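Tertiary structure, described
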Amino acid sequence: MKPDIIERHMIAVYAPFAMLAGMQLELFTYLSGSSKDIESLSKSMDVQASKVRPLLYSLVSAGLLEENSGRFSNSAQ
């Protein structure tokens, strides 16, 4: 197999897996109504901030969340 084919397939699964993780953690529900910073969100979810941070940025990259000045909210779309 060509490395570019493998890389393309690996990248293709990150957004759906991030979305699934967010759904299983009810992350989008925790963000409904108002934006939250990582610390307050992780406390309300009872999950370590160091575990939530990469997921949040993955979801921003996927277009499912928005980040503004360190605060995260559900995407307007």
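Higher on the page you've got the structure.
Right, let's walk through the structure included here. No experiment lies behind these values; they were computed from the predicted model shown.

Basis of the calculations
Residues numbered from 1 in each chain as written. Predicted model: local features only at pLDDT ≥ 70, side-chain atom pairs only at ≥ 80, totals over all residues. Heavy atoms only, no water. Helix = DSSP H or I, 4+ residues; strand = E, 2+ residues; numbered from the N terminus. Buried < 20%, exposed > 50% of the residue type's maximum accessible area, 1.4 Å probe, protein only.

1. Brief notes about unusual backbone geometry
The phi dihedral of Asp-46 is positive, around 60°, even though this residue is not glycine. Residue placement: Asp-46 occurs in the loop between helix H3 (38-45) and helix H4 (49-61). One non-glycine residue with positive phi stands out, namely Ser-69, at about 55°. Position of Ser-69 among the secondary structure elements: in the loop between strand S2 (65-68) and strand S3 (71-74). Under the relative-accessibility criterion, Ser-69 is labelled exposed at 69%.

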